[in-house]
Amino acid sequence: MLTAADLEINVLEFRQRAFQFERLADYEGTDFAVFSRTETESESQFRPRLVHLKLVVPQAWIVYDEPNDILSVAKDGVTVPPRLTEPVVEVRAERPEFTEQGIAWHRAERPGGSLVYTPAEHAAGVLTPEGLAALGLV
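What you see is a predicted model, and the numbers here were worked out from it, not measured in a lab.

Some points on the pattern of salt bridges
Should the charged atoms of two oppositely charged side chains come close, the side chains can pair.
And step 1. Throughout the structure, instances matching the rule amount to 9 salt bridges.
And step 2. Overlapping salt bridges, with partners in common, bring together Arg15, Arg17, Arg37, Glu39, Glu94, Glu100 and Arg107 in one network.

Shown next, in the form of structure tokens:
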């Protein structure tokens, strides 16, 4: 399992975007890594807004893809998944539930307008007010 030091010096690629490590947090006996990214909502709008994205994933699922020098998410915590090349769409145009690298994901908007991605199997706990507070997302 990668340590906080490993996570701090690398970016995690998810949904064709690079996320920076923020912190580790424990919730319901699982160590989660919290990553973040800020981007503009839409360049085509007259006044585009900033969108704050958070990615909450079990620490044990994060793997280092040495040839590409990035972090990836693999449910087994060992096998580096193949890199996908898909067109990037605006975040709010994405479906809130999707599958990536064989993992079901859920995206939810939290109070304040930022968006949180987490594996669907952890969403019921992570996305509760208690879960968000324990992970430092309120």
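Points about the packing of aromatic side chains
And step 1. On inspection of all chains with the given rule, the structure shows 6 aromatic pairs.
And step 2. With centroids separated by 5.3 Å and ring planes inclined at 75 degrees, the aromatic side chains of Phe14 and Tyr117 adopt a geometry described as edge-to-face. On the criterion of sequence distance, the pair formed by Phe14 in strand 1 (residues 11-14) and Tyr117 in strand 9 (residues 115-119) is long-range, its members being 103 residues apart.
And step 3. The exposure class of Phe14 is buried, given its relative accessible area of 2%.
And step 4. Taken together, the ring pairs connect Phe14, Phe19, Phe98, Trp105 and Tyr117 into an aromatic cluster.
And step 5. It is Arg15 that lies over the ring of Phe98; its NZ or CZ is 3.9 Å from the centre.

Some remarks on the side chain of Thr118
And step 1. Position of Thr118 relative to the elements: it lies in strand 9.
And step 2. There is a polar contact of 3.0 Å between the side chain of Thr118 and the backbone oxygen of Val56.
And step 3. In contact with Thr118, other than residues within four places in its own chain, are Val56, Trp105, His106, Ala123, Val126 and Leu127.

Quick look at the pairing of strand 6 (residues 70-73)
And step 1. With burial as the criterion, each face of strand 6 is covered, one bearing Ile70 and Ser72 and the other bearing Leu71 and Val73.
And step 2. Strand direction decides the pairing type here: strand 5 (residues 62-65) and strand 6, joined by 4 bridges, are antiparallel. Following the sheet pairing, Asp65 is matched in strand 6 by Ile70.
And step 3. In textbook terms, the turn of a hairpin is the stretch between consecutive antiparallel strands, and for strand 5 and strand 6 this stretch comprises 4 residues, one of which, Asp69, has a positive phi near 55 degrees.

Notes on the side chain of Asp65
And step 1. Positionally, Asp65 belongs in strand 5.
And step 2. Once you skip the residues sitting within four places of it in the chain, Asp65 turns out to touch Ile70, Ser72, Val80 and Arg83.

Considering the nonpolar core
And step 1. Counting 22 residues, the largest nonpolar core has Leu7, Leu12, Phe14, Phe35, Leu55, Ile62 and Trp105 as its most contacted members.
And step 2. Residue assignment for this core shows that the elements contributing at least two residues are strand 1, strand 2 (17-27), strand 3 (30-40), strand 4 (50-58), strand 6, strand 8 (103-109) and strand 9.
And step 3. The biggest single contributor to this core is strand 4, with 4 residues.
And step 4. Leave out the neighbours within four places in its chain, and Leu7 touches Leu2, Phe21, Leu24, Ala33, Phe35, Ile62 and Leu71.
And step 5. Counting 10 residues, the second largest nonpolar core, distinct from the first, contains Ala25, Phe32, Leu132 and Leu135.

Cut-offs used in this document
Residues numbered from 1 in each chain as written. Predicted model: local features only at pLDDT ≥ 70, side-chain atom pairs only at ≥ 80, totals over all residues. Heavy atoms only, no water. Salt bridge = Lys/Arg side-chain N within 4 Å of Asp/Glu carboxyl O. Phe/Tyr/Trp six-rings, centres within 6.5 Å; stacked < 30°, edge-to-face > 60°. Helix = DSSP H or I, 4+ residues; strand = E, 2+ residues; numbered from the N terminus. Buried < 20%, exposed > 50% of the residue type's maximum accessible area, 1.4 Å probe, protein only. Lys NZ or Arg CZ within 6 Å of the ring centre and 35° of its normal. Polar contact = N/O pair within 3.5 Å; in protein donor to acceptor, adjacent residues only side chain to side chain. Contact = heavy atoms within 4.5 Å. Pairing = 2+ DSSP bridges. Core = buried A, V, L, I, M, F, W, Y, C linked by side-chain atoms within 4.5 Å.

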